[in-house]
Amino acid sequence: MRLFRLIPLYMALALGANAALATDAETLGPLRDGTLKRLILHKEPKPAKTIEFQLEDEGGVGTLEDYAGKYVLVNFWATWCAPCRKEMPQIAELQEEFGGDKFEVLTLATGRNSPAGIKKFFEENGIDNLPRHQDPGSAAAREFGVVALPITVILDPEGQEIARLIGDAEWNSESAKAIIATLVGAES
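These figures come from a predicted structure and were not determined experimentally. (Residues numbered from 1 in each chain as written. Predicted model: local features only at pLDDT ≥ 70, side-chain atom pairs only at ≥ 80, totals over all residues. Heavy atoms only, no water.)

## Some words on the pattern of salt bridges
Close approach of charged atoms allows side chains with opposite charge to pair. Under the convention used in this document: Note on definitions: salt bridges are taken to be side-chain nitrogens of Lys or Arg within 4 Å of carboxyl oxygens of Asp or Glu. A run of DSSP states H or I qualifies as a helix once it reaches four residues; a run of E qualifies as a strand once it reaches two. Both are numbered from the N-terminal end. Think of it in three bands: with a 1.4 Å probe and only protein chains considered, a residue is buried below 20% of the maximum accessible area for its type, exposed above 50%, and partly exposed in between.
Following the criterion strictly, the structure yields 7 salt bridges and no others. Of the charged contacts, one joins Arg132 and Glu56 as a salt bridge, the two residues approaching to 3.7 Å between their closest N and O atoms. Separated by 76 residues along the polypeptide, Arg132 in the loop between helix H3 (115-124) and strand S6 (133-135) and Glu56 in the loop between strand S2 (52-54) and strand S3 (61-63) bring together distant segments of the chain. Where Glu97 meets Lys177, a salt bridge forms, and the shortest distance between an N and an O atom there is 3.2 Å. One end of the pair, Glu97, is in helix H2 (residues 82-98); the other, Lys177, is in helix H5 (residues 174-184), with 80 residues separating them in the sequence. Classification of Glu97 by relative accessible area gives partly exposed; the value is 42%.

Laid out in structure tokens, this is it:
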């Protein structure tokens, strides 16, 4: 009998959780403008992927669990990809403004990218606040369904995918900054 009394409580909690998820998409949707209009907002978070990647300059192995508790903008890119090269300084600007306890950019150079080539590219573009991590065998990219570059995925603090953008975008635009500010609860 006690179980039947708890059913309304569990139903209310479940409905409230679903409403919160819809509110996120409803809240973020209107903030998409320009190239960020292509940002796909998932109605429900997608389960976290289990991936490993090579830490910058062949310094060991990292995982997404290393970023638990933060919103993470995961950017799959390559040194030979012109759109990737164009947006990387903009992504660095986003990290500069919002990086910290609630948000972080994770860059994963996918496929054939030498550590020296990545380092040179970052130095030439004055990027010193982004990781130079690698996915040399493209295993992480495959796990995330990356079929072209660049692809950017936004993860929530639980490591679940909440949004995805295929192709390059203006990540230093007012639209991108408003989306990240809304996620982390900052003022844009």
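## Re the environment of Gly111
Inclusion rule: Only heavy atoms matter for contacts: two residues are in contact if any of them lie within 4.5 Å across the pair.
By secondary structure assignment, the location of Gly111 is in the loop between strand S5 (103-110) and H3. Residues Gly111 and Asp135, 24 residues apart in the sequence, show an inter-C-alpha distance of 6.2 Å. Excluding residues that lie within four positions of it along the chain, Gly111 makes contacts with Asp135, Pro136 and Ser138.

## Concerning the packing of H2 against H5
Our working definition: Axes here mean lines fitted to C-alpha atoms, for a helix over just the part in contact, with angles spanning 0 to 180 degrees between N-to-C directions. Rotating anticlockwise by less than a right angle from the far helix to the near helix defines a left-handed crossing, while the corresponding clockwise rotation defines a right-handed one. When residues are grouped by polarity, Ala, Val, Leu, Ile, Met, Phe, Trp, Tyr, Cys and Pro land in nonpolar, Asp, Glu, Lys and Arg in charged, and all others, Gly among them, in polar.
Contact pair H2 / H5: the axes reach a minimum separation of 11 Å and the direction vectors enclose 35°. Crossing hand, H2 versus H5: right-handed. Of the residues in H5, those touching H2 at Glu93, Leu94, Glu97 and Phe98 are Ala176, Lys177, Ile180, Ala181 and Val184. Residue composition of the contact of H2 with H5, grouped by class: 6 nonpolar, no polar and 3 charged.

## Quick look at the pairing of strand S4 (residues 71-77)
Stated formally: One bridge is not enough; two strands pair if DSSP finds at least two bridges between them. Classification remark: right-handed applies to a crossover when, strands pointing away from the viewer, the course from the first strand over the helix to the second runs clockwise.
Among the 7 residues of S4, 7 are classified as buried, and the element is accordingly described as predominantly covered. Burial along S4 is two-sided: the residues Tyr71, Leu73, Asn75 and Trp77 and Val72, Val74 and Phe76 are all buried. Summarising the sheet, S4 and S5 pair through 7 bridges and their orientation is parallel. Counterpart to Trp77 in the pairing with S5 is Ala109. Where the polypeptide runs from S4 across H2 and back to S5, its parallel neighbour, the crossover connection is right-handed. As paired elements, S4 and strand S7 (residues 151-155) share 5 bridges and run antiparallel to each other. Counted as the bridge partner of Asn75 is Thr152 from S7.

On their own, these measurements won't tell you what the molecule is for.
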